[in-house]
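Commentary on secondary and tertiary structure
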Amino acid sequence: MIVKSVARLFESWIDPFGRRGDLRPPETTLAFVWHYVRQARWPFAGMAFFGGAVAVLEAALFFFVGRVVDILDTADKASGWSGMFADHGFELTVMALVILFGRFFVVALGALIEEQVIVLNFFNLVRWQSYAHVARQSLSFFQNDFAGRIVTKVWSAGQATGDLMTSLLQVAWFMLIYTVSTMALVGQLDWRLALVVGVWVVIFAILARYFVPRIRRHARETAEAGSMLNGRLVDSFGNIQTLKLFGREDENDSYIKSGFDRFQATLRPFARLLTGVRSSLALLSGIMITTIAYLSVDLWLAGAITAGGVAFTLGLVLRLNMLLGRMMTQLNGIMRNIGTIQNSAELISQPIGLTNAPDARPLEVEEAGIVFDQVSFGYDRELPVLDKLSLKVKPGEKVGLVGRSGAGKSTLVNLLLRFYDVDTGKILIDGQDIAHVTQGSLRRHIGMVTQDTALLHRSIRDNIAFGRPDADDADILTAARRAEAATFISGLVDQKGRRGLDAHVGERGVKLSGGQRQRIAIARVMLKDAPILVLDEATSALDSEVEAAIQDNLEHLMQGKTVIAIAHRLSTIARMDRLVVIDRGRIIEAGTHAELVAKGGLYAELWARQSGGFIGGDMAAE
């Protein structure tokens, strides 16, 4: 109980999830590391203190060995332990207490700080804050990169930052204290021994000065190549069905292998450099150990030092050799971590691409009227998608957007949700410019069902409850029934035996059919019951029978709401209050289905070209 209580005390020292607000770290490596380390500066200070104390005690152990050798060399064997304690009892007792209790407490407290505070909490503090910042990036941020690459950099940032600080305090700081202690202890025997140790350390520093910058550069390049390869692997596994569907395993193997080739090409010179480091250290240590051994024996022969002095000098320098080797290995690890941190910082430290305005307030919706006022936008400024488009959707009106693929329909919806900011113009909801309301409040007032429905690899309950987190099972099941999903949900069983609402759906919902995923998404929006409803090909994945069954429920859901619907299957939106035809980023027609068919324009052309309710082959879905 005492051990657990002490552990819990240290485990609560820092809260990895306590910081709120702006979590963006600086971009430069040192500032990036300090941004997180300062949040745990006292644990790291404690780690430095106890790490230095352990180094002093390590050096003291060899001094103790030397003293024991000298005591034994002069002791009278006939007098036994009593005679030895009579002459050296106090010194032997102090050495025993230091070894038994002093070293134990210093090592134990250092371990508590390292394991219970740093590894358990600090590593996750960096990961959590990195995740929380990156997760709030704009949609385009994620669309322009591999999800696997982003995940790798977020996770590696915590690991590398924690490992870097641990290495600096456990090895570099320990090494510094141990070296100073070694020079002090051997210097009291003879200044020449301390001089040789000093020369050894200086040459080691020169080698480190040569190798470390090169290790750092190669480490950064290797980290970038590794994250690239990881991104390719995750992308391939995430789209494994597509690869198998088209039988392109061999081509994809070539794509992945080219990533391995790039990684190998980056790693090869790094490995050669490390071989040079280890060989150079082996040569240096061999020369220095031989020199110190010769000098200490020569001093003993001259009567300048005792046999105990020779013993603890050789013990100290052999330990120093091991630590210097470990130091260079750790420098390798430190530089790898610095390279990884640099690589991660470039991504994590990017400013949020789309933020709330300084004067942003929560959106207040009473009537849910929408106005697009002279809106222009292009994903590339040189290639505009929308060109001064103006559209007014009255409160409670149901508007269908129609047009060829690429006309700008889905873009208009993305702008309404403020996934992107307009280039010019503005979008108003109940007279409030959405650029000046908080993004969270804006999206809470809009329910959307898209054609490409991706579910989270969580339970059916969790996926539907995203519509309203405080909903109970009765509310969730009611929404599922209205979405014609309750029947198939009751029969679901996942690989771990979880059933019904508890069954997990697999990554992106791959264990469900497209129609089942769509019905879960519709249930989620029904549960949300937002005043503005956006349907982007909401029933495209449903067969005709299920679509007919769900249509009445969708119409019930739309009652009293402002609705914007996109569909290439024009029969699904023909009954909307108004149809708006968009072409090349502009509105070219508007009216009811009957009015537009009679007009004989683009809508009439699209309607005439449908077969079984679908637009022809060149009208591919957006």
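What you see as residue numbers is a count from 1 along each chain, following the sequence as written. Totals for whole chains, interfaces and linings use every residue, but because this is a predicted model, local features are given only for residues with pLDDT of at least 70 and side-chain atom pairs only at 80 or more, for both listing and counting. Hydrogen atoms and water are omitted, and side-chain values are computed over all heavy atoms in the structure.

Our working definition: UniProt positions are given in the numbering used here, feature names are shortened, and annotations may be inferred rather than shown by experiment.
Looking up the protein in an unreviewed UniProt entry gives the name ABC transporter ATP-binding protein, with the organism given as Pseudohoeflea suaedae. According to its UniProt record, the protein has this under Subcellular location (unreviewed entry): "Cell membrane". The UniProt entry for the protein carries the following comment under Sequence similarities (unreviewed entry): "Belongs to the ABC transporter superfamily."

1. Side note on the environment of Phe-419
Counted only if it meets this: Helix and strand assignments follow DSSP, with helices taken as H or I runs no shorter than four residues and strands as E runs no shorter than two, numbered in order from the N terminus. Only protein chains enter the accessibility calculation, which uses a 1.4 Å probe; a residue is then buried when its area is under 20% of its type maximum, exposed when over 50%, and partly exposed in between. By definition, residues are in contact when any of their heavy atoms lie within 4.5 Å.
Relative to the helices and strands, Phe-419 is located in the loop between α11 (409-416) and β4 (424-429). Note on Phe-419: relative accessible area 24%, which makes it partly exposed. With 79 residues separating them along the chain, Phe-419 and Thr-340 place their C-alpha atoms 30 Å apart. In contact with Phe-419, other than residues within four places in its own chain, are Leu-139, Leu-354, Asn-414 and Arg-443.

2. Some thoughts on the sheet that holds strand β9 (residues 578-583)
Inclusion rule: Pairing between two strands requires that DSSP report at least two bridges joining them. Here an axis means a line fitted to C-alpha atoms, over the contact stretch when the element is a helix, while the angle between two N-to-C directions is reported on a 0 to 180 degree scale.
Strand order across the open sheet formed by 6 strands is β6-β7-β8-β3-β9-β10, with mixed pairing between neighbours. Lying at the two open borders of the sheet, with one neighbouring strand each, are β6 (446-449) and β10 (586-591). In this sheet, neighbouring strand axes are inclined to one another by 20° on average, regardless of whether the strands run parallel or antiparallel. Examined bridge by bridge, strand β7 (residues 532-536) and strand β8 (residues 562-566) share 5 bridges and lie parallel to one another. Within the sheet, the bridge partner assigned to Asp-536 lies in β8 and is Ile-566. On the sheet, α11 packs against β3 (398-402), β6, β7, β8 and β9 and is oriented at approximately 145° with respect to β8. Helix α16 (residues 514-528) rests against β6 and β7 of the sheet, and its axis sits at about 170° to β6.

3. As for the packing of helix α6 (residues 147-187) against helix α7 (residues 191-238)
Rules: Here is the rule for angles: anything less than 35 degrees is roughly parallel, anything more than 145 is roughly antiparallel, 65 through 115 is roughly perpendicular, and the remaining ranges are oblique. For this classification, Asp, Glu, Lys and Arg are treated as charged, while Ala, Val, Leu, Ile, Met, Phe, Trp, Tyr, Cys and Pro are nonpolar and the rest, including Gly, are polar.
Contact geometry for α6 and α7: axes closest at 13 Å, N-to-C directions at 175°. In terms of orientation, α6 and α7 fall into the roughly antiparallel class. Across the interface between the two elements, Gly-148, Arg-149, Thr-152, Lys-153, Thr-179, Thr-182, Met-183, Val-186 and Gly-187 from α6 touch Trp-191, Leu-193, Ala-194, Val-197, Gly-198, Val-201, Glu-224, Ser-227, Asn-230, Gly-231 and Val-234 from α7. Class assignment for the residues of the contact of α6 with α7 results in 8 nonpolar, 9 polar and 3 charged.

4. Brief notes about unusual backbone geometry
Generally, phi is negative for residues other than glycine and the peptide bonds are trans, each holding for most cases. One non-glycine residue, Gln-374, lies in positive phi territory at about 50°. With respect to the element layout, Gln-374 can be found in strand β1 (residues 370-377). A residue is classified by how much of its surface remains accessible, and Gln-374, at 39% relative accessible area, is partly exposed. Despite not being glycine, Asp-529 has its phi angle at roughly 55°, a positive value. Along the chain, Asp-529 falls in the loop between α16 and β7. Judged by its relative accessible area of 48%, Asp-529 is partly exposed.

5. Regarding the sheet that holds β4
Taken in spatial order, the 4 strands make up an open sheet running β2-β1-β4-β5, and their pairing is antiparallel. Looking at strand neighbours, the two that pair on one side only are β2 (386-393) and β5 (432-433), the edges of this open sheet. Relative to β4, β1 runs antiparallel, the two being bridged by 5 bridges. Looking across to β4, one finds that Phe-372 is bridged to Ile-427. Each of β1, β2 and β4 is contacted by α11, which is oriented at about 115° to β1, the strand it contacts most.

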